[in-house]
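Examining the three-dimensional arrangement
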Amino acid sequence: MNILDKIIVDKKREVILKKSIIPVSQLEASVFFAKETISLSQNLRNSNSGIIAEHKRRSPSKSVINHGFTVEEVVKGYESAGACGISVLTDGKYFGGSLDDLLLARASVNIPLLRKEFIVDEYQILEAKAHGADLILLIAAVLTREEIKLLSEFAKSLGLEVLLEVHNQEELEKSIMPTLDMIGVNNRNLKTFEVSLDFSKQLAAQIPDEFVKVSESGISSIEAIQELKPYGYKGFLIGENFMKTDNAGKAATEFIKQLAL
Ligand SMILES: O=P(O)(O)OC[C@@H](O)[C@@H](O)c1c[nH]c2ccccc12
């Protein structure tokens, strides 16, 4: 079994357990259910930098270690750097994240927050909303077209935006539907961990214009972004490059400053 399949098996079990102890009514009682969400897709359309900065402690492909900084320090740093939005990894087992991280991020910043998670069930979308997320990620590699449709419709009904992640043409063709806001091409193959910006370049032309294009993973230089922009990318999701430094906010600040030059 590849790592992605393993993550999904674990995730489905986790969701069943969580459902059995925290009822939906408790999630719906969160103050964030009454709060309007903020649009990442609009921010990206209006931005020159397009940076979505990620809070990521570690990953199965690399034990990225965040140097003991708090979620608050990291996300406030990202916000003041001028990031368009922040992605918060909430998977515990493989990425060392949690829903608490999302909540702490929500309490610290006012820019759009993505719940970065392996979503397989509507319940996780309710959790995302209850912990202050503005948008969710759906990963085409682990969902059927029908699941993408139901989950994205559900997210939209809660006012959340949807970033759909693909890695190849087949996943893209299967997924295109009006309930998506942004389409992200993951430069990292989640099954083999191979990383190449060529994945973004190859798929760009097939993504219809009504979706904001996002390039995800393996972006570590200004040049990479300059290479990707002519393909129509408006968003750039960056984790490791910032989190591996001893000050993620400062690294993001310098990066975004250089981009503007
Ligand atoms: O740390 P990087 O290489 O900059 O990548 C960030 C982000 O794209 C990556 O964490 C990611 C993209 N899609 C995912 C799906 C699940 C978990 C993580 C991810």
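Placed above this text is the structure.
A brief structural summary.

What counts and what doesn't
- Residues numbered from 1 in each chain as written.
- Predicted model: local features only at pLDDT ≥ 70, side-chain atom pairs only at ≥ 80, totals over all residues.
- Heavy atoms only, no water.
- 1 Å grid on protein atoms, 1.4 Å probe; cavity = no way out; pocket = protein on both sides within 12 Å on 5 of 7 lines; lining within 4 Å.
- Points joined across faces, edges and corners; volume = space filled by probe spheres on them.
- Nonpolar A, V, L, I, M, F, W, Y, C, P; charged D, E, K, R; others polar.
- Helix = DSSP H or I, 4+ residues; strand = E, 2+ residues; numbered from the N terminus.
- Salt bridge = Lys/Arg side-chain N within 4 Å of Asp/Glu carboxyl O.
- Buried < 20%, exposed > 50% of the residue type's maximum accessible area, 1.4 Å probe, protein only.
- Contact = heavy atoms within 4.5 Å.
- Pairing = 2+ DSSP bridges.
- Axes fitted to C-alpha atoms, helices over the stretch in contact; angles between N-to-C directions.

**Side note on empty space enclosed by the protein**
- The final tally for this structure, using the stated rule, is 1 cavity of 30 Å³ or more.
- Volume-wise, the largest cavity comes out at about 50 Å³.
- F32, K35, E36, T37, R106, K129, G132, A133 and D134 together form the lining of the largest cavity.
- For the lining of the largest cavity, a count of residues per class yields 2 nonpolar, 2 polar and 5 charged.

**A look at the layout of surface pockets**
- Put simply, the largest pocket is a space of about 440 Å³.
- Lining the largest pocket are 31 residues; nearest its centre among them are E54, K56, K116, R188 and S217.
- If you tally residues by element for the lining of the largest pocket, the top one is helix α1 (residues 3-21), at 3 residues.
- Residues that form the lining of the largest pocket fall into these classes: 14 nonpolar, 8 polar and 9 charged.

**Let's talk about the pattern of salt bridges**
- Under the counting rule described, the total for this entry stands at 17 salt bridges.
- A salt bridge links D91 to K11; its shortest N-O distance comes to 2.7 Å. Of this pair, D91 sits in the loop between β2 (85-89) and α5 (99-108) while K11 sits in helix α1, placing them 80 residues apart in sequence.
- In this structure, K156 and D181 form a salt bridge, with 2.8 Å as the shortest nitrogen-oxygen distance. Of the two residues, K156 is situated in helix α7 (residues 145-157) and D181 in the loop between α8 (169-175) and β6 (182-186); the sequence distance between them amounts to 25 residues.
- Take K156: its relative accessible area is 33%, and that puts it in the partly exposed class.

**Some details on the environment of I111**
- Inspection of the secondary structure puts I111 in the loop between α5 and β3 (113-116).
- Assessed through its relative accessible area of 13%, I111 is described here as buried.
- Residues I111 and I38 lie 73 residues apart in sequence; the distance between their C-alpha atoms is 7.1 Å.
- Apart from residues lying up to four places away in sequence, I111 is in contact with I38, E79, A83, C84, G85, I86, R106 and D134.

**Quick look at the sheet that holds β2**
- Here we have 8 strands rolled up into a closed barrel, ordered β1-β2-β3-β4-β5-β6-β7-β8, and parallel in their pairing. For this sheet, the mean inter-axis angle between neighbouring strands, taken without regard to orientation, is 25 degrees.
- Examined bridge by bridge, β3 and strand β4 (residues 135-139) share 2 bridges and lie parallel to one another. Counterpart to L114 in the pairing with β4 is L135.
- Packing against the sheet, helix α4 (residues 71-81) makes contact with β1 (51-55) and β2, and its axis sits at approximately 175 degrees to β1.
- Contacts between α7 and the sheet are confined to β4 and β5 (161-166), with β5 contributing the most and set at about 155 degrees to the helix.

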